[in-house]
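Notes for the structure review
Residue strings, one per chain:
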There are 2 protein chains.
Amino acid sequence: MASSAPSGLTLRAREIVEAARGLLEEEGPDALTMRRVAGRLGIRAPSLYKHLSGKEALEAALISDGFVELAEVFEAAVRGAEDPLGALAVAYRDFALRRPHLYRLMTDRPLRRDLLAPGVEERAARPLVEAAGGDQNLARAAWAFAHGMTILELNGRFPPAADLGAAWREGLSAFRRS
Amino acid sequence: MASSAPSGLTLRAREIVEAARGLLEEEGPDALTMRRVAGRLGIRAPSLYKHLSGKEALEAALISDGFVELAEVFEAAVRGAEDPLGALAVAYRDFALRRPHLYRLMTDRPLRRDLLAPGVEERAARPLVEAAGGDQNLARAAWAFAHGMTILELNGRFPPAADLGAAWREGLSAFRRS
DNA sequence: GTCTATATCAAGATAGAC
DNA sequence: GTCTATCTTGATATAGAC
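This part is about the overall build of chain A. Of regular secondary structure, chain A possesses 9 helices and 0 strands. Helices and strands appear in chain A in the N-to-C order α-α-α-α-α-α-α-α-α. In terms of overall dimensions, chain A has C-alpha extents of about 55 × 40 × 25 Å along its principal axes. By the burial criterion, 51% of the 178 residues in chain A qualify as buried. Sequence separation of at least 24 residues holds for 65% of the intrachain contacts in chain A that already meet a minimum separation of 6. If you sum the accessible surface of chain A, you get close to 8,700 Å²; carbon and sulfur atoms cover 53% of it. A gap of 4 Å separates the mean positions of the 24 positive and 24 negative side-chain charges of chain A.

Turning to the pattern of salt bridges, a few remarks are in order. According to the stated counting rule, one finds 34 salt bridges over all chains in the structure shown. In this structure, the salt-bridge partner of Glu69 of chain B is Arg21 of chain B, at a minimum N-O distance of 2.8 Å. In this pair, Glu69 of chain B is assigned in helix α4 (residues 55–78) and Arg21 of chain B in helix α1 (residues 11–27), connecting sequence segments 48 residues apart. Since its relative accessible area comes to 15%, Arg21 of chain B is described here as buried. A salt bridge links Glu121 of chain B to Arg113 of chain B; the shortest N-O distance between them is 2.8 Å. Relative accessible area serves as the criterion here: at 17%, Glu121 of chain B is assigned to the buried category. Within the structure, one salt-bridge network assembled from shared partners comprises Arg21, Glu25, Glu69 and Arg99 of chain A.

Moving on to the protein's contact with DNA strand D. The full set close to DNA strand D counts 16 residues, and Arg12, Arg44 and Lys50 of chain A together with Thr33 and Arg35 of chain B are the nearest of them. Those atoms of DNA strand D that come within 4 Å of the protein belong to sugar or phosphate at a rate of 61%. Ser47 of chain A has a polar side-chain atom sitting 3.0 Å from a phosphate oxygen of DNA strand D. Those elements that place two or more of their residues in the surface near DNA strand D are α3 (45–48) of chain A together with α2 (34–40) of chain B. Considering only residue class, the surface near DNA strand D consists of 6 nonpolar, 5 polar and 5 charged.

About the cut-offs
- Residues numbered from 1 in each chain as written.
- Chains lettered and ligands numbered in written order.
- Predicted model: local features only at pLDDT ≥ 70, side-chain atom pairs only at ≥ 80, totals over all residues.
- Heavy atoms only, no water.
- Helix = DSSP H or I, 4+ residues; strand = E, 2+ residues; numbered from the N terminus.
- Buried < 20%, exposed > 50% of the residue type's maximum accessible area, 1.4 Å probe, protein only.
- Contact = heavy atoms within 4.5 Å.
- Areas by Shrake-Rupley, 256 points an atom, 1.4 Å probe, with all protein chains shown as cover.
- Lys, Arg positive; Asp, Glu negative; His and termini not counted.
- Charge placed at Lys NZ, Arg CZ, Asp CG, Glu CD.
- Salt bridge = Lys/Arg side-chain N within 4 Å of Asp/Glu carboxyl O.
- Near = heavy atom within 4 Å.
- Polar contact = N/O pair within 3.5 Å; in protein donor to acceptor, adjacent residues only side chain to side chain.
- Nonpolar A, V, L, I, M, F, W, Y, C, P; charged D, E, K, R; others polar.

See below:
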């Protein structure tokens, strides 16, 4: 009867999303075409449309998975941490550097929230808001700092000789004094 | 005799870059095709290749112009400012919100520095490094914060009800204490 | 400096048969 | 659930004539 699973996807749709994920991580966003995804499963592109409505839905499923993973990483990081903000920062950078293409897909453009699995974005955000003592403005500023450091690093925008660890520490200690 | 002008482009190449700029700002990155750029000048796409080597060169010229404009905006902002960091922040956000498509083009991906007009990136960076008292790590962290706030705003990633002015102030006051 | 014609490539998506 | 065939659209770029 079609639907099921925590993600709300059919079994076959899950397989498709996982094939897409492999392609994205191994070859980057240009490889993420309906043809290539289908090819990875040994089928033809038109067959995908029996399981997912189109490419937007596929990307939204990838992004939803990304938020769930980020939430798990965050939740593990703050568990028993004496410096939650620092632990979240390390976890965030690490998450992005391990899956740069997924991270870009998650942050590069406006979010189609209507296509996401419900609640995943909020779940990923919660640990940071708590680490900021419930101060939303501080949480947003800290997120912006972390995203900026991360995406500028991924885009190779800092000088090769830059000490990014030192820049992270500089920013973190500034925010910790808030 | 081809070359001339501060940008190192021929007169005709300058006109092409300006047509491209108008297209980018008015219709966004998808409109930035060689056909559309040529069409804006009343000519055909292949004619562009007599003046510019290709699309990468065209984009690099747009980005170079963007850096020059950003440098000018920064230099005006710090002139006689009692709070240089705050003035730069306002100028930065304003620059990006006024030309969101150009800002994205400038920051979204790895920079082809070999195609840029010489020195433009450094000129734009200088006022911030000076406002940070020459502390490169602080300057990088502050840039990351500003870029994060800006690009997340452009991407519509903050809740509609979020008070972004408050988040900017929160981050700025944190960095000012450094 | 511009043109036409063309090469080359690739994408997302649908119809309808099996 | 998958297929073939196809539609529709679009891109960057080059050759060679004028």
